[in-house]
Amino acid sequence: MIKRHSKADTPVAAAYTARGNFSVSQFTWYLLGAASFIKVTPTSTIDVFRILHDGIPKSAVDHFSQFLDIPMTLMAPLLNMSYKTLIRKKEDEKLEDYVSSHMYEIAATYAMAFGIFQDAGKVTRWFNKENKALNNQKPFDLLNTPTGIKLVTQVLGRLEEGVYS
């Protein structure tokens with residue numbers, strides 16, 4: 001089980017998740033620690049595509065995993081990489097475009113959950129609890145493929161609309 005990390009309760013996280021002030025896109029970039037590798041937050045989908053196509057640095061994975069207290073031993077399989085390959089990469093080394101895109105989609109899924117639950121502990125519990133709408137699988141376990149991410153975001157979308165899922 002993944003534990004809640006104290007960074008998720010920082011004033012910055014609270015500001016991002018404050019009702020009426022939340023942007024999934026901005027919080028996604030925050031989860032990836034984008035301030036350290038992009039100068040201006042992307043404003044369009046094509047901007048996001050360009051950044052991901054060029055590759056995000058491995059430090060983005062590090063930031064995400066530290067923020068949510070997800071060990072790299074669990075991050076590597078989510079990114080369809082071996083643990084050794086992931087930890088061998090230097091912090092500023094860019095990930096391949098597919099891995100960058102996949103990492104972004106995982107972060108966006110978590111950002112969506114933060115927008116719904118407004119609490120790091122609730123987000124962590126939701127991702128680590130079996131979900132009937134996902135055939136009794138844990139949402140976290142489905143994040144290793146684009147299709148799995150889509151299933152998880154569909155359930156989150158239903159929750160956002162107030163539909164029991």
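Going by the structure above, here's the rest.
Summarised in this report is the structure supplied together with it.

Rules and cut-offs
- Residues numbered from 1 in each chain as written.
- Predicted model: local features only at pLDDT ≥ 70, side-chain atom pairs only at ≥ 80, totals over all residues.
- Heavy atoms only, no water.
- Core = buried A, V, L, I, M, F, W, Y, C linked by side-chain atoms within 4.5 Å.
- Buried < 20%, exposed > 50% of the residue type's maximum accessible area, 1.4 Å probe, protein only.
- Helix = DSSP H or I, 4+ residues; strand = E, 2+ residues; numbered from the N terminus.
- Contact = heavy atoms within 4.5 Å.
- Arc of directions from axis to C-beta.
- Polar contact = N/O pair within 3.5 Å; in protein donor to acceptor, adjacent residues only side chain to side chain.
- Axes fitted to C-alpha atoms, helices over the stretch in contact; angles between N-to-C directions.
- Parallel < 35°, antiparallel > 145°, perpendicular 65-115°, else oblique.
- Left-handed = near helix turned anticlockwise from the far one by under 90°.

**Some points on the nonpolar core**
Inference 1: Phe64 and Tyr110 are the most contacted members of the largest nonpolar core, which totals 48 residues.
Inference 2: Those elements that place two or more of their residues in this core are helix H2 (24–31), helix H3 (45–54), helix H4 (58–68), helix H5 (72–78), helix H7 (97–117), helix H8 (120–127) and helix H9 (146–160).
Inference 3: Among the elements that take part in this core, H7 stands out by supplying twelve residues, more than any other.
Inference 4: When residues no more than four places from it in sequence are discounted, the contact partners of Tyr110 are Leu31, Phe64, Leu68, Ile70, Val123, Phe127, Phe140 and Leu143.

**A look at unusual backbone geometry**
Inference 1: The phi dihedral of Asn80 falls on the positive side, at around 55°, and the residue is not glycine.
Inference 2: Its location among the elements puts Asn80 in the loop between H5 and helix H6 (83–88).
Inference 3: On the accessibility criterion, Asn80 (49% relative accessible area) is partly exposed.
Inference 4: Phi at Asn135 is positive, roughly 60°, even though this residue is not glycine.
Inference 5: Secondary-structure assignment places Asn135 in the loop between H8 and H9.
Inference 6: Classification of Asn135 as exposed rests on a relative accessible area of 63%.

**A word on H3**
Inference 1: Within the sequence span of H3, burial applies to Val48, Ile51 and Leu52. For H3, the arc enclosing every buried residue in end-on projection is 95°, short of the 170-degree limit, so these residues lie on one face. Opposite its buried face, H3 presents the exposed residues Arg50 and Asp54, each directed more than 90 degrees away.
Inference 2: Residues of H3 that are buried in the fold lie against H2 and H7.
Inference 3: At the exit of H3 stands Gly55, carrying a positive phi of roughly 100°.

**Some details on H8**
Inference 1: In terms of burial, H8 is a largely internal element, six of the eight residues being buried.
Inference 2: The set of residues buried in H8 consists of Ala120, Gly121, Val123, Thr124, Trp126 and Phe127.
Inference 3: Contacts from the buried residues of H8 go to H7 and H9.
Inference 4: Among the residues of H8, the N-terminal cap falls to Asp119, whose side-chain oxygen and the backbone nitrogen of Gly121 are separated by 3.0 Å.

**Overview of the packing of H2 against H7**
Two quantities define a packed helix pair, namely the angle between the helix axes and the distance between the axes.
Inference 1: Direction vectors running N to C along H2 and H7 enclose 120°, while the axes themselves pass 8 Å from each other. In terms of their interaxial angle, H2 and H7 are classed as oblique. Of the two elements, H2 crosses H7, and the hand of that crossing is right-handed. The residues of H7 that touch H2, namely those facing Val24, Ser25, Phe27, Thr28, Trp29 and Leu31, are Tyr104, Ala107, Ala108, Tyr110, Ala111, Met112 and Phe114.

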